[in-house]
Amino acid sequence: MVTSVRGGGHSAAGYGVNDGGLVIDLTRMRAVSVDPIRRTARAEGGALWNEFDNATQVHGLATTGGTVSNTGIGGLTLGGGIGWLSGLYGATVDNLIGARVVTADGEIRTASSTEYVDLFLAIRGGGGNFGVVTEFEYQLHAVGEVLGGLVLHPLAAAKEVLRFYRDVCPTLPDAAEINCGLLTSPDGMPLLGLMVGYNGPIAEGQKVMAPVRAFGRPVADTVTAMSYGQRQVQLDEPNAVHGLQRYWRSAFTEQLSDALIDVMVDGAGRFSSPMSALLMFYLHGAISRVDPAAMAFGVRKPQWDIDVIGQWAEPSESAHHISWLKELWSAMEGHLNGSTYLNHAALDDKPEAVRASFGAKYARLRNIKAKYDPDNLFRMNANIPPGR
Ligand SMILES: Cc1cc2nc3c(=O)[nH]c(=O)nc-3n(C[C@H](O)[C@H](O)[C@H](O)COP(=O)(O)OP(=O)(O)OC[C@H]3O[C@@H](n4cnc5c(N)ncnc54)[C@H](O)[C@@H]3O)c2cc1C
């Protein structure tokens, strides 16, 4: 019988559920407890980031979470975890101290840097392949007021702004980030949005971001000081909510070439759904300095995660939107490297992308999979088949 594990239910590929099989639904396991002295938090496997952030921000603490608050901590953590704090504190998995895992044999194992070390390596980036995580323990950091918001430009200026964006990203300090989206405003205007942020003294952030905000002729600028908790909910509405139909593709690149920029901007002029978007996450700083061999998640050099985000409301329109996305992706793919951010992709027709994303670690992960899940019970994910 097919078995899914549902954490927060945000898998763009729909891995958390299945038709006709078994769903291990963690929706009711959402407790979060904080130790403000040790600066750690324990959270059950079905919690969402807004529940985690609410519990930790009471103490002025946070860890790297996603950029949308209603995503589950479960899938996001197990796949790596990219968010506003990645430059300063690394990926979510870089802040994982331990996890309680129910493996396929029904045993409960606590994996950490001292216990079940192989399992701990595998669950930090290997997705839900190795068991059901009922509890995560995270390192927290003091995070209070931050700078955040959007600088919006018309799509007509997007190629020029993207060339500027490409040049400015490598100059950013760890505390700063700029992610970028080609999207459609709620009233139908095609836009480029720079998602600007600074996790440090506001005056310092204003100085770092001044040239970015001054570039070109933006049609809006919402960048302002706010609490980290406020920043976490900024992108939730209207396109990041539960219940939408989704089909995504992702790949990394160290170069935003002119040719890639041209293909992306031309593609953004032809979105099949106004809820769809093209996103660029620039990864730098702490996330890029960890040894790539330390754990399954190995995205460890400054680079962009490029995502085509297909989203729509009507299930009957799925074939149309998926076909649009695949056509755009085939024009972009040649400008990207073969490695994928597995949390951001539907890989139903691209199983080879899983192997390519783990590279030299793939064989080791297959052996760990064979040890803890020899029959591939947990296969509704970016699947790593057991080694033989
Ligand atoms: C709107 C939106 C915004 C996003 N933003 C970001 C972002 O900013 N940064 C980022 O890194 N990613 C982001 N993602 C991607 C996100 O990390 C993945 O979709 C992630 O898998 C979602 O986790 P979930 O628990 O909500 O999903 P689910 O659908 O519940 O699960 C996803 C996968 O993880 C497994 N899983 C979940 N919980 C557990 C558990 N406790 N134990 C074992 N296996 C489990 C499931 O079996 C499934 O294979 C976003 C996704 C969406 C839809």
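A few points about the packing of aromatic side chains
Enumeration according to the criterion identifies 10 aromatic pairs in this entry. Each member of the aromatic cluster is reached from another via a ring pair, and the members are Trp49, Phe52, Phe136 and Tyr138. Against the face of Trp84 rests Arg231, its NZ or CZ located 3.7 Å from the ring centre.

What about the packing of helix α5 (residues 158-168) against helix α8 (residues 258-268)?
Orientation of α5 relative to α8, taken along the N-to-C sense of each, is 140°, at an axis distance of 10 Å. Taken together, the axes of α5 and α8 lie oblique to each other. For α5 against α8, the interelement crossing comes out right-handed. Taking contact as the criterion, the partners of Ala158, Lys159, Leu162, Arg163 and Arg166 in α5 are, on α8, Asp258, Ile261, Asp262, Val265 and Asp266. Broken down by class, the residue content of the contact of α5 with α8 amounts to four nonpolar, no polar and six charged.

Looking at the environment of Asp35
Tracing the chain through its elements places Asp35 in strand β3 (residues 32-35). Distance in space between the C-alpha atoms of Asp35 and Gly197 is 27 Å, their sequence separation being 162 residues. There is a polar contact of 3.0 Å between the side chain of Asp35 and the backbone nitrogen of Ile37. Within the structure, the side chain of Asp35 is placed 3.1 Å from the backbone nitrogen of Arg38, a separation counted as a polar contact.

A closer look at the site of the ligand
Not every one of the 35 residues close to the ligand is listed here, only the nearest: Val5, Gly7, Thr67, Ile82 and Tyr341. Interatomic distance of 2.6 Å between a backbone N/O atom of Val5 and an oxygen atom of the ligand. Within the backbone of Gly45, a nitrogen or oxygen atom sits 3.4 Å from a nitrogen atom of the ligand. Protein contact buries 96% of the 940 Å² of open area that the ligand shows by itself. Among the secondary structure elements, those contributing two or more residues to the shell around the ligand are β1 (3-6), α2 (73-79), β8 (132-139) and β15 (245-253).

Regarding the nonpolar core
Counting residues in each nonpolar core, the largest one holds 48 residues, and the members touching the most others are Tyr165, Leu182, Leu194, Met280 and Met332. Here the element with the most residues in this core is α5; it accounts for six residues. Residues in contact with Leu194, not counting those within four places in the same chain, are Gly149, Leu150, Val151, His153, Val161, Tyr165, Ile178, Asn179, Cys180 and Val212. Counting residues in each nonpolar core, the second largest holds 37 residues, with Ala47, Leu119, Ile123 and Phe136 among its members.

Examining the pattern of salt bridges
One pass over the structure, following the stated rule, counts 22 salt bridges. Salt-bridge contacts for Glu137 lead to Arg42; the nearest nitrogen and oxygen are separated by 3.5 Å. Of this pair, Glu137 sits in strand β8 while Arg42 sits in strand β4 (residues 40-44); the two residues are 95 residues apart in sequence, bridging distant segments of the chain. For Glu137, a relative accessible area of 10% translates into the label buried. Salt bridges sharing common partners tie together Lys159, Arg163, Arg166, Asp167, Asp258, Asp262 and Asp266.

Points about the domain arrangement of the chain
The domains assigned to the chain are domain 1 (3-142) and domain 2 (145-344). In total, domain 1 and domain 2 occlude about 2,900 Å² of area from one another, counting both sides; carbon and sulfur atoms represent 59% of this. When the buried area of domain 1 at its contact with domain 2 is split by residue, Ala12, Ile82 and Trp84 rank highest and sum to 28% of it. Across the domain 1-domain 2 interface, the total number found is one salt bridge. Across the salt bridge formed by Arg300 and Asp94, the nearest N and O atoms sit 2.6 Å from each other. Here domain 1 is connected to domain 2 by 19 residue pairs in polar contact (both at pLDDT 80 or more).

Describing the packing of α8 against helix α9 (residues 318-332)
Between α8 and α9, the shortest axis-to-axis distance is 9 Å and the interhelical angle comes to 165°. By the angle class used here, α8 and α9 are roughly antiparallel. Seen from above, α8 lies across α9 with right-handed handedness. When α8 is examined against α9, the residues Leu260, Val263, Met264 and Gly267 are found in contact with a partner set consisting of Trp324, Leu328, Ala331 and Met332. Among the residues making up the contact of α8 with α9, the classes are represented as seven nonpolar, one polar and no charged.

Remarks on the side chain of Ser276
Residue placement: Ser276 occurs in the loop between α8 and β16 (277-283). Using a relative accessible area of 2% as the deciding quantity, one classes Ser276 as buried. Of note is the side chain of Ser276, whose polar atom sits 3.5 Å from the backbone oxygen of Ile309. Only 3.0 Å separates the side chain of Ser276 from the backbone nitrogen of Gln311, close enough to count as a polar contact.

So, the state of the cysteines
Counted according to the given criterion, the structure contains zero disulfides. Free of any disulfide, Cys169 has its nearest cysteine sulfur in Cys180, 8.2 Å distant. Classification of Cys169 by relative accessible area gives buried; the value is 0%.

A word on α8
Of the residues making up α8, those classed as buried are Leu260, Ile261, Met264, Val265, Gly267 and Ala268. The buried side chains of α8 occupy one side of the element, clustering within an arc of 160° when seen end-on. Next to the buried residues of α8 lie α5, β11 (176-184), β15, β16, β17 (303-312) and α9.

What counts, and at which threshold
- Residues numbered from 1 in each chain as written.
- Predicted model: local features only at pLDDT ≥ 70, side-chain atom pairs only at ≥ 80, totals over all residues.
- Heavy atoms only, no water.
- Phe/Tyr/Trp six-rings, centres within 6.5 Å; stacked < 30°, edge-to-face > 60°.
- Lys NZ or Arg CZ within 6 Å of the ring centre and 35° of its normal.
- Axes fitted to C-alpha atoms, helices over the stretch in contact; angles between N-to-C directions.
- Helix = DSSP H or I, 4+ residues; strand = E, 2+ residues; numbered from the N terminus.
- Parallel < 35°, antiparallel > 145°, perpendicular 65-115°, else oblique.
- Left-handed = near helix turned anticlockwise from the far one by under 90°.
- Contact = heavy atoms within 4.5 Å.
- Nonpolar A, V, L, I, M, F, W, Y, C, P; charged D, E, K, R; others polar.
- Polar contact = N/O pair within 3.5 Å; in protein donor to acceptor, adjacent residues only side chain to side chain.
- Near = heavy atom within 4 Å.
- Areas by Shrake-Rupley, 256 points an atom, 1.4 Å probe, with all protein chains shown as cover.
- Core = buried A, V, L, I, M, F, W, Y, C linked by side-chain atoms within 4.5 Å.
- Buried < 20%, exposed > 50% of the residue type's maximum accessible area, 1.4 Å probe, protein only.
- Salt bridge = Lys/Arg side-chain N within 4 Å of Asp/Glu carboxyl O.
- Domains from an automatic or database assignment.
- Buried area = accessible area lost by both parts, 1.4 Å probe.
- Disulfide = S-S within 2.5 Å.
- Arc of directions from axis to C-beta.

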